[in-house]
Amino acid sequence: MRRSIVILGGGVGGVITANLLRKKLSDEYEITLIDRETNHVFAPSLLWLMTGDRNAEKISRPLSRLKRKGIEFIQGEIEQIDAQNRTVIVNGENISSDYLIISLGAVLTPEEISGLETGFSFYDLKETERLKQKLWEFQKGRVVVVTASPVYKCPAAPYEAAMLIHAFFQKRGIRPQVTMSFYAAEPAPLAVAGTNVSEGVQQMLRERDISYYPQHQITKVDPDKRELYFANGVHDSYDLLVYVAPHKPPRVVQESGLVGKSGWVTVDRHTLETKIPGVYAIGDVTGIPLELGKPLPKAGVFAHGQAKVIANNIAHKITGEGQQIEFNGHGECFIEIGNNKAGFARGNFYASPAPTVKVHQPGIRWHLGKIAFEKSWFRTWF
Ligand SMILES: Cc1cc2nc3c(=O)[nH]c(=O)nc-3n(C[C@H](O)[C@H](O)[C@H](O)COP(=O)(O)OP(=O)(O)OC[C@H]3O[C@@H](n4cnc5c(N)ncnc54)[C@H](O)[C@@H]3O)c2cc1C
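These figures come from a predicted structure and were not determined experimentally.

**Q** What exactly am I supposed to notice about the overall build of the chain here?
**A** Per the secondary structure count, the chain includes eight helices and 23 strands. Radius of gyration (C-alpha) of the chain: 21 Å, near the 21 Å computed for a compact globule of 382 residues. Projected onto its principal axes, the C-alpha positions of the chain cover 65 × 40 × 40 Å. In the chain, which comprises 382 residues, the proportion classed as buried is 53%. Accessible surface, the chain: about 17000 Å² in total, of which carbon and sulfur atoms supply 49%.

What follows is the structure in structure tokens.
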């Protein structure tokens, strides 16, 4: 009988792990990837979809294309994970594995905050299309960007979105008729990366006349009055609300028995193995505490690095070739600021006592770097 590796989730972590394992292992091993979606979407480009610089087709690929590489793809809802037995139920059927990899990401739960869903989001394809349309129609008034919980994927994304909306309105010639505010649940932008990064981003918001209010936890949106209410008693009005919803692990993960105190899956921070041997979790679904008391940010770059580690180590266990490696917490990120410019930050998030992050001045070269990365993404993995 063929031995089998089952990968849950066809996002960043899942697609990379499947590709790398397929290259490293012989056909004796079946590699199966499962996702409810038909398409993989390259999330960093949602920001460009929002501003009309991309279309949906350009930033997504059918997961079924992985079959050409010898990776089985099952489209379906993962209904249950039996970690102890490395078995899952998908579309009502049991699927067993020798190694089980969980890369199921985070689900967005705007319904947790009354009225939030009446706003606009750029965190999935359909929602971003809606926001794009709205940005084209908008003529004047108050735009408010809100993060509805301090932990969300890509800590840079809402700040990039605010700056890109500013640049978009400038291009349309309506910026003088628009006021912009940003209410954040978190204490500062990209706080894990250190005060230099936080202050740099706040300075960029000031330069664009975007008022910034950190540590404001939104509690309610009244769409009829167009009012926002915050836990500290502050309230404000808006004409266009752009939000990042609270995040949670998918239900099937919450019920798997693998979730720890952080509310996310507990893993060894170097090997990404869960408490059950042969069961690994990577990417946004994990909660990895850092020494400074905050979690490792949820970002594709970390899911990517972790996928490389587990693919290498599982292949090593099976074939005996090469050697075990460890995830070292290194990551990097482009920060789009509009007008074809981006900044860039790179660092070691496992550094002690706090992450060490180097920031590069914004310029066209980092924007071009992100475009090159987007191109290589689809070429490499699909
Ligand atoms: C607007 C935006 C911009 C971003 N920009 C960047 C960036 O510039 N750099 C960066 O590093 N990161 C960025 N990110 C974050 C990055 O996209 C995520 O951190 C990354 O996708 C996490 O990978 P993952 O494999 O953990 O989860 P995902 O990529 O979210 O994949 C999870 C998959 O699991 C599937 N799934 C979940 N539950 C089930 C179920 N029950 N049954 C079947 N399938 C299921 C989902 O459909 C999904 O395909 C951005 C995110 C957004 C939204």
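**Q** Just to check I follow, could you spell out the nonpolar core for this structure?
**A** Within soluble globular proteins, side chains that are nonpolar tend to cluster in buried spots. I5, L8, I81 and I102 are the most contacted members of the largest nonpolar core, which totals 61 residues. With seven residues, helix α7 (residues 300-319) is the single largest residue contributor to this core. Among residues more than four places away in sequence, those in contact with I102 are L8, I81, V253, L258, V279, Y280, A281, I282 and V285. By size, the runner-up hydrophobic cluster in this structure holds 39 residues, among which are M163, F182, L240 and V242.

**Q** When you look at the site of the ligand in this model, what are you seeing that I'm missing?
**A** Close to the ligand lie 29 residues, the nearest being G13, D35, S103, D284 and V301. Contact distances for the ligand include 3.1 Å between an oxygen atom and a backbone N or O atom of V12. Here an oxygen atom of the ligand sits 2.8 Å away from a polar atom, N or O, in the side chain of S103. For the shell around the ligand, the secondary-structure elements that each account for two or more residues are α1 (12-24) and α7.

**Q** How should I be thinking about the UniProt feature "domain: FAD/NAD(P)-binding" (unreviewed entry) in the chain in this particular structure?
**A** Sites flagged by UniProt as "domain: FAD/NAD(P)-binding" (unreviewed entry) map to residues 4-294. Overall, residues 4-294 shows 22% helix and 28% strand. The separation of its end C-alpha atoms is 36 Å.

**Q** Help me out: how do you make sense of the side chain of H304 in this one?
**A** By secondary structure assignment, the location of H304 is in helix α7. The class for H304 is buried, based on a relative accessible area of 16%. The residues touching H304, leaving out its near neighbours within four places in the chain, are V12, I16, W377 and W381.

**Q** I tried to follow the sheet that holds strand β11 (residues 120-121) on my own but got confused; where do I start?
**A** Sheet strands pair by backbone hydrogen bonding; their relative direction is either parallel or antiparallel. Within the open sheet, the five strands sit side by side as β11-β18-β12-β13-β14. Their pairing is parallel. Here the strands that pair on one side only, and so sit at the sheet edges, are β11 and β14 (210-213). Where β11 lies against strand β18 (residues 240-244), two bridges are found, and the strand directions are parallel. Pairing of S121 across the sheet is with Y243, part of β18.

What counts as what
- Residues numbered from 1 in each chain as written.
- Predicted model: local features only at pLDDT ≥ 70, side-chain atom pairs only at ≥ 80, totals over all residues.
- Heavy atoms only, no water.
- Helix = DSSP H or I, 4+ residues; strand = E, 2+ residues; numbered from the N terminus.
- Rg over C-alpha atoms; globule rule 2.2 N^0.38 Å.
- Buried < 20%, exposed > 50% of the residue type's maximum accessible area, 1.4 Å probe, protein only.
- Areas by Shrake-Rupley, 256 points an atom, 1.4 Å probe, with all protein chains shown as cover.
- Core = buried A, V, L, I, M, F, W, Y, C linked by side-chain atoms within 4.5 Å.
- Contact = heavy atoms within 4.5 Å.
- Near = heavy atom within 4 Å.
- Polar contact = N/O pair within 3.5 Å; in protein donor to acceptor, adjacent residues only side chain to side chain.
- UniProt positions renumbered as here; feature names shortened; annotations may be inferred.
- Pairing = 2+ DSSP bridges.

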